[in-house]
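Letter by letter, the chains look like this.
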Amino acid sequence: MLKEFKTFLMRGNVIDLAVGIIIGAAFTKIVSSFVADVLMPVLSLGMGKIDFSNMFIALNGESYATLAAAKAAGAATINYGIFINALIDFVIVAFAIFMIVKAANRLRKDEAKPADTKACPECLTNIPIAARKCSACGSLQAGPSLSGRAPSMNV
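Cut-off values and rules
Residues numbered from 1 in each chain as written. Predicted model: local features only at pLDDT ≥ 70, side-chain atom pairs only at ≥ 80, totals over all residues. Heavy atoms only, no water. Phe/Tyr/Trp six-rings, centres within 6.5 Å; stacked < 30°, edge-to-face > 60°. Helix = DSSP H or I, 4+ residues; strand = E, 2+ residues; numbered from the N terminus. Buried < 20%, exposed > 50% of the residue type's maximum accessible area, 1.4 Å probe, protein only. Contact = heavy atoms within 4.5 Å. Polar contact = N/O pair within 3.5 Å; in protein donor to acceptor, adjacent residues only side chain to side chain.

Draft legend 1. Local environment of the packing of aromatic side chains. According to the stated counting rule, one finds 1 aromatic pair in the structure shown. Centre to centre, the rings of F95 and F98 are 6.4 Å apart; their planes meet at 35°, and the pair counts as tilted. On the criterion of helical spacing, the pair formed by F95 and F98 is a turn pair, its members being 3 residues apart in helix α4 (residues 80-109). With relative accessibility at 51%, the residue F95 sits in the exposed group. Residue F98 is classed as partly exposed on the basis of its relative accessible area of 46%.

Written out as structure tokens, the structure is:
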């Protein structure tokens, strides 16, 4: 059983997944800092100096200046400002991942597989490369003769 577990752990997919999770956690910290320390101050300045992290509703009906004051008073709160911050974090992370995947897909297009079909010169239908005769129009295809006879005899 220990050998099977070792084999499972050493498979490439598990190691790749572990590396991805670790990099993702570090990337999330960077994005969270970017949102909290760079983006949100600019957004709050543009929106009349609104601080999203202090947007909350106290469920006891009283008014508090800050979320910290409400927490110190022991009031139950709905912290919708923190939710807005988390939503902005998510959108930025999702966009960054989209851009990374898009770049990776662009690199993969260079590794295109060789074509397995060709266009018939008579009717432009896609036919297998090894075809000697077009299945749509019946025209003979140029190329090496498979039987060693003249192309007109390869029907």
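Draft legend 2. Main features of the environment of A70. Turning to its location among the elements, A70 is positioned in helix α3 (residues 67-72). Here the alpha-carbon distance between A70 and I57, two residues 13 residues apart in the chain, equals 9.5 Å. When neighbours within four sequence positions are excluded, A70 is seen to be in contact with F56, Y64, A75 and T77.

Draft legend 3. Here's a closer look at the side chain of S139. With respect to the helices and strands, S139 occurs in the segment after β4 (126-128). Exposure remark for S139: the relative accessible area of 14% places this residue in the buried category. For S139, the side chain forms a polar contact with the side chain of Q141, separated by 3.3 Å. Sequence-distant contacts of S139, that is, excluding residues within four places in its chain, are made with C120, E122, R132, K133 and C134.

Just geometry here; none of it tells us what the structure is for.
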